[in-house]
Amino acid sequence: MEAFLPFYGRRKGRPLRDTSKRLLEELLPSYLVPPNIADPAELFKDNPRKLYLEIGFGGGEHLAKVAKNHPENAYIGAEPFLNGVSSFLKYCQNEELKNVRIWPDDIRLQLSSWPNECLNGIFIMFPDPWPKIRHSNRRIINKDNLATFSRLIKVGGSLRMASDHACAKNWILSEILDSPYFDWLVESSVDWNEQPKDWPETRYMRKAQKEGRRPAWFNFKRVSVEPSRLV
Ligand SMILES: C[S@@+](CC[C@H](N)C(=O)[O-])C[C@H]1O[C@@H](n2cnc3c(N)ncnc32)[C@H](O)[C@@H]1O
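Chemist: Tell me about the packing of aromatic side chains, residues and numbers included.
Modeler: Taken as a whole and assessed by the stated rule, the structure comprises nine aromatic pairs. Each ring, one from Tyr52 and one from Phe123, has its centre 5.4 Å from the other, and the planes form 10°; the classification is stacked. Within this pair, whereas Tyr52 is found in strand β1 (residues 51-55), its partner Phe123 is found in strand β4 (residues 119-125), the two being separated by 71 residues in sequence. When its relative accessible area of 4% is taken as the criterion, Phe123 is described as buried. Look at Trp199 and Trp217: their rings are 6.1 Å apart centre to centre, the planes differ by 80°, and that puts the pair in the edge-to-face class. You can see Trp199 sitting in the loop between α7 (190-193) and α8 (203-210) and its partner Trp217 sitting in strand β7 (residues 216-222), a full 18 residues away along the chain. For the pair shown, Trp199 and Trp217 are each scored as buried. Ring-pair connections join several aromatic residues into one group, and the members of that group are Trp184, Trp192, Phe218 and Phe220. Note that Arg138 overlies the ring of Tyr8, its terminal NZ or CZ placed 3.7 Å from the centroid.

Chemist: Could you give me a rundown of a positive patch on the surface, with the residues and numbers involved?
Modeler: Side chains of Arg10, Arg14, Arg17 and Lys90 sit close together on the surface and give a patch of like positive charge. As for its position among the elements, Arg17 is in the segment before α1 (18-31). Overall, the relative accessible area of 66% leaves Arg17 in the exposed class.

Chemist: Please provide a residue-by-residue account of α1, values included.
Modeler: An ideal rise of 1.5 Å per residue puts 20 Å on 14 residues; α1 measures up with 19 Å between its terminal C-alpha atoms. Among the residues of α1, those classed as buried are Ser20, Leu23, Leu24, Leu28 and Tyr31.

Chemist: Could you give an account of the environment of Ser163, with specific residues and numbers?
Modeler: Within the secondary structure layout, Ser163 lies in strand β5 (residues 153-163). Look at Ser163 and you get buried, because its relative accessible area is 1%. Residues Ser163 and Trp184 lie 21 residues apart in sequence; the distance between their C-alpha atoms is 15 Å. The residues touching Ser163, leaving out its near neighbours within four places in the chain, are Phe126, Ala168, Lys169, Ile172, Arg214, Pro215 and Ala216. A polar atom in the side chain of Ser163 sits 3.1 Å from the backbone nitrogen of His165.

Chemist: Account for the site of the ligand, naming residues and giving values.
Modeler: The ligand sits among 18 residues. The nearest are Gly56, Glu79, Asp106, Met125 and Thr202. Between the ligand and Met125 there is a distance of 2.7 Å, counted from a nitrogen atom to a backbone nitrogen or oxygen. Taking Arg203, its main chain carries an N or O atom lying 3.5 Å from an oxygen atom of the ligand. Coverage of the ligand by the protein amounts to 91% of the 600 Å² it exposes when considered alone. By residue class, the composition of the shell around the ligand is 10 nonpolar, three polar and five charged.

Chemist: Hey, could you go over the sheet that holds strand β3 (residues 100-103) for me, with residue numbers and the actual values?
Modeler: Spatial strand order, β3-β2-β1-β4-β5-β7-β6: seven strands in an open sheet with mixed pairing. Bordering the open sheet on either side are β3 and β6 (182-184), each of which pairs with just one other strand. On average, each strand axis in the sheet is tilted by 20° relative to the strand beside it, whichever way the strands run. The strands touched by helix α6 (residues 166-177) are β5, β6 and β7; relative to β7, the strand with the most contacts, the crossing angle is about 15°.

Reading the values: the criteria
- Residues numbered from 1 in each chain as written.
- Predicted model: local features only at pLDDT ≥ 70, side-chain atom pairs only at ≥ 80, totals over all residues.
- Heavy atoms only, no water.
- Phe/Tyr/Trp six-rings, centres within 6.5 Å; stacked < 30°, edge-to-face > 60°.
- Helix = DSSP H or I, 4+ residues; strand = E, 2+ residues; numbered from the N terminus.
- Buried < 20%, exposed > 50% of the residue type's maximum accessible area, 1.4 Å probe, protein only.
- Lys NZ or Arg CZ within 6 Å of the ring centre and 35° of its normal.
- Patch = residues over 30% accessible without salt bridge, like charges linked within 9 Å, V, L, I, M, F, W, Y side chains within 5 Å.
- Areas by Shrake-Rupley, 256 points an atom, 1.4 Å probe, with all protein chains shown as cover.
- Salt bridge = Lys/Arg side-chain N within 4 Å of Asp/Glu carboxyl O.
- Lys, Arg positive; Asp, Glu negative; His and termini not counted.
- Charge placed at Lys NZ, Arg CZ, Asp CG, Glu CD.
- Expected span 1.5 Å × (residues − 1).
- Contact = heavy atoms within 4.5 Å.
- Polar contact = N/O pair within 3.5 Å; in protein donor to acceptor, adjacent residues only side chain to side chain.
- Near = heavy atom within 4 Å.
- Nonpolar A, V, L, I, M, F, W, Y, C, P; charged D, E, K, R; others polar.
- Pairing = 2+ DSSP bridges.
- Axes fitted to C-alpha atoms, helices over the stretch in contact; angles between N-to-C directions.

What follows is the structure in structure tokens.
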């Protein structure tokens, strides 16, 4: 069992319409990730080429597109906000997605039972910024979570992130560049200033652009670490 981990985000928003309630009752069970799974690869019977995790998929726009564009891969999405889960289930239904599974809760409740190097990558698009210093322990990128992500992502795999929030952009970069396990794949400012072609847009990205905030796009590679770099 996990120690108690407080989750500070929203679990519910506007009252759900009947169609959304029906999706949660009838469709979610076939996509659900059970608690404390030993190996996420076992959720997919068709031997996917690669396995990715999206943390905080919101309404599921990004997750639905990457899953549709890459039927050869498998994707697990985590999102405690039920309205978002029901929005994503609409994509699952309309696109008949077979290569996704959903953990409708805080991802930290899952990860400790997952084996080392079980993922090809993690996506975290527009994480909650928690800009106040007194809330900084709520940020998804912190030392503990980064240690977990580096344990789970295969060497050569990726941690992809985007953010429109000045404070979040800085803490994402400073925390991750401080980790010996990740290299920032960047050659010029274009790499973080322009949305990469294969990164589908999200609801928060559209909202940020509409309100005049410029997103930054970060692609980090999980690298192997010489023991001498760890001391
Ligand atoms: C600002 S929203 C962005 C949603 C979406 N990625 C987008 O770009 O539209 C951040 C999301 O992360 C989710 N989240 C925060 N902490 C999480 C956690 N520990 N596990 C899973 N989801 C989390 C929140 O519920 C929220 O929906």
